[in-house]
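# Analysis of the macromolecular model
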Amino acid sequence: MSDQKSAHEGSSRIGITLETFILEGMLGHPAATGTFTSILNQISFAAKLITSKVRRAGLVNVLGYTGSTNVQGEQVMKLDEEANAALLAVLGRRKHVAAVASEELDEIEVLTNDSRARYLVMMDPLDGSSNIDVNVSIGTIFGILKRQDPEVLVSANDFLKPGVELSAAGYIMYGSSTMVVLTTGKASGVHGFTYDPTCGEFFLSHENIKIPEKGSTYSINEGNHAKWPDEVKKWANWIKDDNKAEGRPYGGRYVGTLVADAHRTLLKGGIFAYPADKKSPEGKLRLLYEANPFAFIFEAAGGKASHGKGRILEIQPTKLHQRTPLILGSPRDVEAFEDFMTGKR
Ligand code: P6P
């Protein structure tokens, strides 16, 4: 066979738009179906709407804690409520999504019971809202699940599926630039798209993200040290030990926004951990719309996602807003954490 690659085969796809990437089936099945393409395009449209609000947050009085009115005297919604409203509005427009489970809503929001609505979306519309007022990166997290039986009225139970059943997952990070990172699973890979505000498009910037086997950074809120179980304290001391042969101590990095800490860990390797502790015996982070989407993404990128003693994606949910311990990262680093949690170390 000729070793002369065609121009297209040889050339990188960096620089094509998110829409082209999906429409040309590069995100694999089921993204290549019209319905799914539409949902992903709607989410990227919502990302543009939210970006514009996030970038102006400090100017139009849309701050994390204000309940005040803005300069026009309008009642200001908190940015997370705005993000929730924007996502519900765009997802409800084309009747492809039957219902949404959101961190902002106690119950699911039914968008339509039309049998053509084949998908469900779980989401954290604005993760890290406590960081809005100090201009630190925040984000949106989403998972997309196939509706079991479109002939049956949708209910909260339809969302209570293990994360292995997700059709797709992704996040939007509102950082120094706005990025969408998404996947439909290991076979299609994990891909990042960066927003160019001068033309209003997301361009492929990080094709086929793969997490390093092992990293050199750990990310945990050390302020919780006194509340951790002894196994976590032992791991935290070990990771900081001076052992050059084993690449320790690891560097500490902690933003306090899951999307930012997870994104850095995905790109650079290492470990992010929010274990259970005396204050949060079930863990702090939410299973359906924080842990599962990131676990799906990390496993698709060759990483691991654990609750400390097993896969996040195998947890059988029982409640919409249930919490879980969450450990994300390079395979070697998550395995080491699990060894401490199971007493092997
Ligand atoms: P702590 C933000 O409030 C959040 O939900 C996640 O984005 C983040 O990882 C975590 O809480 C930070 O929690 O207790 O360290 O402030």
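This write-up is about the structure you can find in this document. (Residues numbered from 1 in each chain as written. Predicted model: local features only at pLDDT ≥ 70, side-chain atom pairs only at ≥ 80, totals over all residues. Heavy atoms only, no water.)

## Comments concerning the site of the ligand
What counts is decided by this rule: Note on definitions. A residue lies near a molecule or strand when any single heavy atom of the residue is within 4 Å of it. For the purposes of these results, a polar contact is taken to be a pair of N or O atoms within 3.5 Å, where, inside protein, one atom must be able to donate a hydrogen and its partner to accept one; residues adjacent in sequence count only when each atom of the pair is a side-chain atom. All accessible-area figures derive from a Shrake-Rupley calculation using a 1.4 Å probe, and residue coverage is judged against the displayed protein chains alone. Here a cavity means grid points, on a 1 Å grid over the protein atoms only, where a 1.4 Å probe fits yet cannot get out; a pocket means an open set of points with protein on both sides within 12 Å along at least five of seven lines; lining residues are those with an atom within 4 Å of a point. Molecules are considered to sit inside a cavity or pocket once more than half of their atoms lie within 2 Å of its grid points.
The environment of the ligand is made up of Asp127, Gly128, Asn221, Tyr254, Gly256, Thr257, Leu258, Tyr274, Lys284, Leu285 and Glu290. At 2.9 Å from an oxygen atom of the ligand is found a side-chain nitrogen or oxygen belonging to Asn221. Lys284 places a polar side-chain atom, nitrogen or oxygen, 2.9 Å from an oxygen atom of the ligand. Surface burial for the ligand is 78%, taken as the share of its 400 Å² of free accessible area covered by protein chains. Structurally, the ligand is housed in the largest pocket.

## Comments concerning helix H8 (residues 331–341)
Counting along an α-helix, one turn takes 3.6 residues, and residues three or four places apart therefore face a common direction. Applicable threshold: Exposure categories follow from relative accessible area, calculated using a 1.4 Å probe and restricted to protein chains: below 20% of the type maximum is buried, above 50% is exposed, and the middle band is partly exposed. Only DSSP runs of H or I covering at least 4 residues are called helices, and only runs of E covering at least 2 are called strands; the numbering of each starts at the N terminus. Any two residues having at least one pair of non-hydrogen atoms within 4.5 Å are treated as being in contact.
Within H8, 9 of the 11 residues are buried, which leaves it mostly tucked inside the rest of the structure. Along H8, the residues that are buried comprise Pro331, Asp333, Val334, Ala336, Phe337, Glu338, Asp339, Phe340 and Met341. For H8, the elements touching its buried residues are helix H5 (230–240), strand E11 (271–274), strand E13 (304–306) and strand E15 (326–329). Gly343 occupies a position one or two residues after H8 and carries a positive phi of about 80 degrees.

## A word on the packing of aromatic side chains
Note the following rule: When the centres of two rings from Phe, Tyr and Trp lie within 6.5 Å, Trp using its six-membered ring, the rings pair. Their planes under 30 degrees apart give stacked, over 60 give edge-to-face, and anything left gives tilted.
Applying the stated criterion across every chain, the model contains 8 aromatic pairs. Between Phe36 and Tyr119 the ring centres are 5.0 Å apart and the planes differ by 80 degrees, which places this aromatic pair in the edge-to-face class. Within this pair, whereas Phe36 is found in helix H3 (residues 34–55), its partner Tyr119 is found in strand E3 (residues 119–127), the two being separated by 83 residues in sequence. In this pair, the class of Phe36 matches that of Tyr119, namely buried. Taken together, a centroid distance of 6.1 Å and an interplanar angle of 80 degrees make the contact between Tyr218 and Trp235 edge-to-face. Taken as a pair, Tyr218 in strand E9 (residues 217–219) and Trp235 in helix H5 lie far apart in primary sequence, 17 residues in all. Judged by relative accessible area, Tyr218 falls into the buried class, the value being 7%. Feature note: the residues Tyr171, Phe294 and Phe298 constitute an aromatic cluster, connected by ring pairs.

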